[in-house]
Amino acid sequence: MSETQLSSGTRIKLPSGKDAGLVDILSFCYGLSETDVTVLLALMRGDARGTEELESDLKLSKASINRSLNKLLEMGLVMRIKEPGNKAGRPRYLYKARDYNELKSKMLADIKDCSDKMADLVEKEFRPL
């Protein structure tokens, strides 16, 4: 499986008849784009990496990588580590996804919370006038 491939392609069928995959779910709950999810999945596979490695591996622009990394950092899905041994010039940072089990638990809890809030909204707002 290449790093740019997002998943096995598993889709779920929604009541509307539309189908949704991982990107759709993470986009809805977190506002993540397909590129953001691609970067996150790449960081989940292997050691911490710099932006240059991600650009090369994922065939994405530096701007796209940086935009995704900033969003993922802000959401607490990845962490930034100052590269050890780099003393001259600007510090170089490496990026790594949070621990898999921690990340999965967080996402499942957030998705459940999102679902619960939607159900509460329907309960409060969906009624005859």
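Structure first, text after, so check above.
Residues numbered from 1 in each chain as written. Predicted model: local features only at pLDDT ≥ 70, side-chain atom pairs only at ≥ 80, totals over all residues. Heavy atoms only, no water.

A. Main features of the overall build of the protein. Counting its regular elements, the protein contains five helices and four strands. Start at the N end of the protein and walk to the C end: the helices and strands fall as β-β-α-α-α-α-β-β-α. Rg of the C-alpha trace for the protein: 18 Å, well past the compact-globule value of 14 Å for 129 residues, more than 25% over. Taken over the C-alpha atoms alone, the protein extends approximately 70 × 30 × 25 Å along its principal axes. Here the protein, with 129 residues, has 26% of them falling under the buried criterion. Taking as baseline every contact in the protein between residues at least 6 positions apart, the subset at least 24 positions apart corresponds to 51%. Of the roughly 8,900 Å² of accessible surface on the protein, 54% is carried by carbon and sulfur atoms. The distance from the centre of the 22 positive side-chain charges to the centre of the 20 negative ones in the protein is 3 Å. (Helix = DSSP H or I, 4+ residues; strand = E, 2+ residues; numbered from the N terminus. Rg over C-alpha atoms; globule rule 2.2 N^0.38 Å. Buried < 20%, exposed > 50% of the residue type's maximum accessible area, 1.4 Å probe, protein only. Contact = heavy atoms within 4.5 Å. Areas by Shrake-Rupley, 256 points an atom, 1.4 Å probe, with all protein chains shown as cover. Lys, Arg positive; Asp, Glu negative; His and termini not counted. Charge placed at Lys NZ, Arg CZ, Asp CG, Glu CD.)

B. Here's a closer look at unusual backbone geometry. A positive phi angle is found at Lys59, which is not glycine, with a value near 55°. By the secondary structure assignment, Lys59 is in the loop between α3 (51–58) and α4 (62–74). With relative accessibility at 69%, the residue Lys59 sits in the exposed group.

C. Focus on α3. Within the sequence span of α3, burial applies to Thr51, Leu54 and Leu58. Viewed along the axis of α3, the buried residues span an arc of 60°, placing them on a single side of the element. Looking at the buried positions of α3, the neighbouring elements they touch are α2 (34–44), α4 and β4 (93–97). Downstream of α3 by a residue or two, Lys59 has a phi angle that is positive, lying close to 55°. (Arc of directions from axis to C-beta.)

D. Quick look at the packing of aromatic side chains. All told, the structure shown has zero aromatic pairs when counted by the stated rule. Positioned over the ring face of Tyr93 is Arg80, at 4.3 Å from the centre of the ring. (Phe/Tyr/Trp six-rings, centres within 6.5 Å; stacked < 30°, edge-to-face > 60°. Lys NZ or Arg CZ within 6 Å of the ring centre and 35° of its normal.)

E. How the structure looks around α4. Helix length check: α4, at 13 residues, gives a terminal C-alpha distance of 18 Å against a target of 18 Å (1.5 Å per residue), a fit within 8%. Burial in α4 covers these residues: Ser64, Ile65, Ser68, Leu69 and Leu72. Seen along its axis, α4 keeps its buried residues to an arc of 125°; they face one direction. For α4, exposure combined with an orientation more than 90 degrees from the buried face picks out Arg67, Asn70 and Glu74. Downstream of α4 by a residue or two, Gly76 has a phi angle that is positive, lying close to 80°. (Expected span 1.5 Å × (residues − 1).)

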